[in-house]
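# Breakdown of the fold
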Amino acid sequence: MSYTKVNRRDVDPVADGMYFLRDALGCENLGFTVVECDPNWTGKEHDHADGGHEEVYYLVSGEVTLHVDGDEVALDPGDAVRVAPDASRQLENGPRESTLVVAGAP
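Turning next to the environment of D16. Positionally, D16 belongs in the segment before β1 (18-20). For D16, a relative accessible area of 73% corresponds to the exposed category. Taking the C-alpha atoms as reference, D16 lies 8.7 Å from V35; in sequence the two are 19 residues apart.

On to unusual backbone geometry. Here the phi dihedral of N40 falls at roughly 65°; this positive angle occurs in a residue that is not glycine. Relative to the helices and strands, N40 is located in the loop between β2 (31-37) and β3 (54-61). For N40, a relative accessible area of 58% translates into the label exposed. Non-glycine residue D69 carries a positive phi angle of around 50°. One can find D69 in the loop between β4 (64-68) and β5 (71-75).

We now examine the side chain of N93. Note on placement: N93 falls in strand β7 (residues 89-93). In this structure the side chain of N93 is engaged in a polar contact, spanning 2.7 Å, whose partner is the backbone oxygen of D38. Setting aside anything within four residues of it in sequence, one finds N93 in contact with C37, D38, P39, N40, W41, E63, V64 and S98.

For D38, the position within the fold is in the loop between β2 and β3. On the accessibility criterion, D38 (49% relative accessible area) is partly exposed. In this structure, the C-alpha to C-alpha distance between D38 and G70, residues 32 residues apart in sequence, is 23 Å.

This model, assessed by the stated rule, comprises four salt bridges. Between E36 and R8 there is a salt bridge whose closest N-O contact spans 3.2 Å. Of this pair, E36 sits in strand β2 while R8 is found in the segment before β1, placing the two residues 28 residues apart along the sequence.

Another aspect to go through is the environment of R8. What makes R8 partly exposed here is its relative accessible area of 23%. Here the alpha-carbon distance between R8 and F20, two residues 12 residues apart in the chain, equals 8.5 Å. Among all residues touching R8, those that are not within four sequence positions of it are Y19, L21, V34 and E36. Within polar-contact distance, the side chain of R8 engages the side chain of E36 at 3.2 Å.

Pairing is antiparallel across the open sheet formed by five strands, whose spatial order is β1-β2-β8-β3-β6. The sheet is open, and its two borders are formed by β1 and β6 (80-83), each paired with just one other strand. Sheet twist, expressed as the mean angle between neighbouring strand axes with direction ignored, is 20°. Where β3 and β6 come together, four bridges link them in antiparallel fashion. Residue pairing across strands places V56 opposite R82, the latter belonging to β6.

What counts and how
- Residues numbered from 1 in each chain as written.
- Predicted model: local features only at pLDDT ≥ 70, side-chain atom pairs only at ≥ 80, totals over all residues.
- Heavy atoms only, no water.
- Helix = DSSP H or I, 4+ residues; strand = E, 2+ residues; numbered from the N terminus.
- Buried < 20%, exposed > 50% of the residue type's maximum accessible area, 1.4 Å probe, protein only.
- Polar contact = N/O pair within 3.5 Å; in protein donor to acceptor, adjacent residues only side chain to side chain.
- Contact = heavy atoms within 4.5 Å.
- Salt bridge = Lys/Arg side-chain N within 4 Å of Asp/Glu carboxyl O.
- Pairing = 2+ DSSP bridges.
- Axes fitted to C-alpha atoms, helices over the stretch in contact; angles between N-to-C directions.

Encoded structure:
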């Protein structure tokens, strides 16, 4: 088959509000995650230097701040930010629920 379809509701969360769709879609190189953030939620600081994965964060709704190597990058709905593999990153949600899509690949 030349395509795979899945709904986020059909995938078990790996953490509160975090849905990894890569395996369900059968992706070989692309990571695809939906993140539903509760108000004032803060994600884990991390990087992907070991795997060489760059990521793109796309804000669907709400307001979040993406901390990248000490810089604060405020996102509004429709904003997308690419983060290099070796850069440290951490999400911080604002006072209301937010939804992001994160795509990553080597």
